[in-house]
Amino acid sequence: MTLPAAGSMVHPEIDTDALMDKFRDHVSKDVKFYPPTYFQHWEGREEYLLLMQSVSEVFGTSFKYDRQWVSPDGRDWCLEFSASIEGDDKTVVDGVDLVSLDEDGKIVEFKVLARPPNAVSKLKDAMMKKVPPRLAKLKAKQMFGFSK
């Protein structure tokens, strides 16, 4: 996976299902995701992609990466970001994505640190509208062997 240039990762208004399908090959099936809005981590590629799709919709086109730091071996990234919550320019979340890649260049760990607390709270509220029904659908598909 090629690291994007700082400032070039603005979420375009595109079909998020198609985006996640393209992204799937760059994510380990055992990825661990640590969100700023939940006290435990999530595990699994499909769960991770579901969360990424949901947050992409919450942030919309306001999401952008600014500065970036990369380890000498290129397998650990720190990406500074900012985004508004559901188009509310008064509620902006700032944070960093801490990304670790395996030897094949697939994401194995993704931690999000974010601030300020009021924006993180609003992000959690927006995610709670999207994630539970989608997660229930994913779990049903997994139970019957229909997930990718």
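About the criteria used
Residues numbered from 1 in each chain as written. Predicted model: local features only at pLDDT ≥ 70, side-chain atom pairs only at ≥ 80, totals over all residues. Heavy atoms only, no water. Helix = DSSP H or I, 4+ residues; strand = E, 2+ residues; numbered from the N terminus. Buried < 20%, exposed > 50% of the residue type's maximum accessible area, 1.4 Å probe, protein only. Contact = heavy atoms within 4.5 Å. Areas by Shrake-Rupley, 256 points an atom, 1.4 Å probe, with all protein chains shown as cover. Patch = residues over 30% accessible without salt bridge, like charges linked within 9 Å, V, L, I, M, F, W, Y side chains within 5 Å. Salt bridge = Lys/Arg side-chain N within 4 Å of Asp/Glu carboxyl O. Phe/Tyr/Trp six-rings, centres within 6.5 Å; stacked < 30°, edge-to-face > 60°. Lys NZ or Arg CZ within 6 Å of the ring centre and 35° of its normal.

Draft legend 1. Quick look at the overall build of the protein. A count of helical and extended segments in the protein gives three helices and six strands. Along the protein, from the amino end to the carboxyl end, the secondary structure elements read α-β-β-α-β-β-β-β-α. Counting over 148 residues, the protein shows a buried share of 40%. Looking at the protein alone, contacts between residues at least 24 apart form 55% of all its contacts between residues at least 6 apart. For the protein, the exposed area adds up to about 8,600 Å²; of that, 55% sits on carbon and sulfur atoms.

Draft legend 2. Structural context of a nonpolar patch on the surface. A contiguous nonpolar patch, built from M143, F144 and F146 and spanning about 430 Å² of accessible area, is present on the exposed surface. Structurally, the position occupied by F146 is in the segment after α3 (117-143).

Draft legend 3. Fine view of the packing of aromatic side chains. Scanning the entire structure with this criterion turns up ten aromatic pairs. For the ring pair Y38 and W42, a centre distance of 5.6 Å and an interplane angle of 40° mean the geometry is tilted. Between the aromatic rings of F63 and Y65, the centroid separation amounts to 4.9 Å while the plane-to-plane angle is 80°, which identifies the pairing as edge-to-face. Connected via pairs of aromatic rings, a cluster forms that spans F23, F33, Y48 and F110. Here the guanidinium or amino end of K111 rests over the ring plane of Y34, the centre of that ring lying 5.2 Å away.

Draft legend 4. Here's a closer look at unusual backbone geometry. For the bond from R115 to P116, the omega torsion is -10°, close enough to zero to count as cis. In this structure, P116 sits in the loop between β6 (107-115) and α3. The phi torsion at E86 lies on the positive side, around 50°, for a residue other than glycine. Here E86 is to be found in the loop between β4 (76-85) and β5 (88-101).

Purely geometric numbers; function is a separate question.
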